[in-house]
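# Structural characterization, general
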Amino acid sequence: MSESVGSGYGCLPIDRDSSFEEDWQFIIRIRNNNNDGSDKKKRRGGGSKKGKSKNKNRNRRLGHSILIKDYFSGANSTYDDKDFRRRFRMRRHLFDEIRRKAEGGSSRPVL
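The present account deals with the structure reproduced in this document. Fair warning: this is a prediction, and the values are worked out from it, not measured in the lab. (Residues numbered from 1 in each chain as written. Predicted model: local features only at pLDDT ≥ 70, side-chain atom pairs only at ≥ 80, totals over all residues. Heavy atoms only, no water.)

With that settled, the discussion passes to the pattern of salt bridges. For the structure shown, the criterion picks out five salt bridges. Salt-bridge contacts for Asp-70 lead to Lys-69; the nearest nitrogen and oxygen are separated by 3.2 Å. A salt bridge links Arg-86 to Asp-83; the nearest nitrogen and oxygen atoms lie 3.5 Å apart. In this pair, Arg-86 and Asp-83 both sit in helix α3 (residues 81-88), three residues apart, roughly one turn of the helix. Given the relative accessible area of 56%, Arg-86 is considered exposed. (Salt bridge = Lys/Arg side-chain N within 4 Å of Asp/Glu carboxyl O. Helix = DSSP H or I, 4+ residues; strand = E, 2+ residues; numbered from the N terminus. Buried < 20%, exposed > 50% of the residue type's maximum accessible area, 1.4 Å probe, protein only.)

Next up, the structure:
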């Protein structure tokens, strides 16, 4: 005697005359055959993965030096206060105040 468990596509026929172990093996075989990997969670983001290339050297130290020279070298700065405000979206004196409080180790919150 055979009967179906479930309804529609993917219902599993269960033979009442067979043993529980045979039924269980049958269910496992069907599950493994239908497992195309779509039920696994997709990895998001990066992280170290085999086969990925190493990070490229983007010369960040040189970029930092140029940024400091262009905006923070006082009277010799390449860009003026108007350019500073456009790039960093705050006035230079506000930035300097935040930096002083952060460097000074003040116990008061900066913002």
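Moving on from the coordinates now.
Throughout the structure, instances matching the rule amount to nine aromatic pairs. Between Phe-84 and Phe-95, the ring centres sit 5.7 Å apart and the planes meet at 65°, which makes this aromatic pair edge-to-face. Of the two residues, Phe-84 sits in helix α3 while Phe-95 sits in helix α4 (residues 92-104), which places them 11 residues apart along the sequence. Overall, the relative accessible area of 0% leaves Phe-84 in the buried class. An aromatic cluster is present here, built from Tyr-71, Phe-72, Tyr-79, Phe-84, Phe-88 and Phe-95 joined pairwise through their rings. (Phe/Tyr/Trp six-rings, centres within 6.5 Å; stacked < 30°, edge-to-face > 60°.)

The next thing to look at is the side chain of Arg-92. Among the secondary structure elements, Arg-92 is positioned in helix α4. Not counting chain neighbours up to four residues away, the residues in contact with Arg-92 comprise Tyr-71, Phe-72, Tyr-79, Asp-80, Asp-81 and Phe-84. (Contact = heavy atoms within 4.5 Å.)

Honestly, that's just the spatial picture; any functional story needs more than this.
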